[in-house]
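As a plain string of letters, each chain reads:
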Amino acid sequence: MLMTLAVTASLVLSGAPSATKPVSFRGATIQVPSSWKVKKTDWGALHVVTGGCGRRAMECRGFWLLGPSGIKYASENNPFRVDQPYHPSSGVMPCTHDKRYYSSPMPAKPSVSGLRQVGSGHKAYYRQWKVTCHTERGRPTKISYPQRIWYLPSSKILVVDEWDTPGLGAVLKRASWR
């Protein structure tokens, strides 16, 4: 028993890969932990659920893989713009982490911006925004979260992560393309 725990701890600490499964989307394939669940929408997106669903959370922990339909309405019912956060509604939206609050107004500038590798030969526009949740009257709360996006305009892929999914950047960097 002790030996098993020591070997397991060693594998976890060494970063050895655990069991994975492929998730394919618009020509890209990423390898995600087999415990993550993939849910397809009727509008052509994938929600990759990486963890639990909190009682107050608007959605389960995870990230979104969006295609042309998601990109078309990603900025206040207009096409996605790399200089603006993902905000598909033209009004205020519930806070992802606590639906009692709202995530509007959005920050004017990203806290991080640049290019990120998404598999061999593909670079994505990368942006990270700090989103603060507000009360109904517009007062900021102590709840905030990063919104991270990877945008591949040629492939028409937008990755939206509002849970700071551990390892997601590395998963995307190792993507394969057909």
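Note that the structure is predicted; figures quoted are calculated from it, not measured.

## A closer look at the packing of aromatic side chains
Throughout the structure, instances matching the rule amount to 4 aromatic pairs. Taken together, a centroid distance of 6.0 Å and an interplanar angle of 75° make the contact between tryptophan 36 and phenylalanine 63 edge-to-face. Pair noted here: tryptophan 36 is in the loop between β2 (28-33) and β3 (37-40) and phenylalanine 63 is in strand β5 (residues 62-66), with a separation of 27 residues, a long-range link. Across the pair, exposure class does not vary: tryptophan 36 and phenylalanine 63 are buried alike. Consider the rings of tryptophan 43 and tryptophan 64, whose centres lie 6.0 Å apart with planes at 20°: the pair is stacked. Residue tryptophan 43 is located in the loop between β3 and β4 (46-49), and its partner tryptophan 64 is located in strand β5; the two are separated by 21 residues in the primary sequence.

## Comments concerning the nonpolar core
Counting 21 residues, the largest nonpolar core has Ile30, Phe63, Leu65, Val118, Trp150, Val159 and Leu172 as its most contacted members. Elements that contribute at least two residues to this core include exactly β1 (20-25), β2, β4, β5, β7 (123-134), β8 (140-152), β9 (157-161) and α3 (168-173). Residues in contact with leucine 172, not counting those within four places in the same chain, are Ile30, Gln117, Val118, Gly119, Trp150 and Val159. Among the nonpolar cores identified, the runner-up in size contains 12 residues, and Leu66, Ala74, Tyr86 and Val160 belong to it.

## Some thoughts on the confidence of the model for the protein
Averaged over all residues, the pLDDT of the protein equals 87, while 88% of them reach at least 70. Counting contacts from residues 1-16, a segment whose pLDDT is below 50, to residues more than four positions away or on other chains yields 1 contact.

## Here's the deal with the state of the cysteines
Per the counting criterion, the structure on display carries 2 disulfides. The residue that forms a disulfide with cysteine 53 is cysteine 60, at a sulfur-sulfur distance of 1.8 Å. Between cysteine 53 and cysteine 60 the disulfide shows an S-S torsion of about 95°. By sign, it is right-handed. Residue class for cysteine 60 comes out buried when judged on its relative accessible area of 14%. Between the sulfur atoms of cysteine 95 and its disulfide partner cysteine 133 the distance amounts to 1.9 Å.

## A few points about the environment of histidine 47
Turning to its location among the elements, histidine 47 is positioned in strand β4. Residue histidine 47 is classed as buried on the basis of its relative accessible area, which comes to 8%. Between the C-alpha atom of histidine 47 and that of leucine 66, which follows or precedes it by 19 residues, the distance is 8.6 Å. Look past the residues within four positions of histidine 47 in its chain and what remains in contact with it is Lys37, Val38, Lys39, Glu59, Cys60, Gly62, Phe63 and Trp64.

Definitions and cut-offs
- Residues numbered from 1 in each chain as written.
- Predicted model: local features only at pLDDT ≥ 70, side-chain atom pairs only at ≥ 80, totals over all residues.
- Heavy atoms only, no water.
- Phe/Tyr/Trp six-rings, centres within 6.5 Å; stacked < 30°, edge-to-face > 60°.
- Helix = DSSP H or I, 4+ residues; strand = E, 2+ residues; numbered from the N terminus.
- Buried < 20%, exposed > 50% of the residue type's maximum accessible area, 1.4 Å probe, protein only.
- Core = buried A, V, L, I, M, F, W, Y, C linked by side-chain atoms within 4.5 Å.
- Contact = heavy atoms within 4.5 Å.
- pLDDT = per-residue confidence, 0-100.
- Disulfide = S-S within 2.5 Å.

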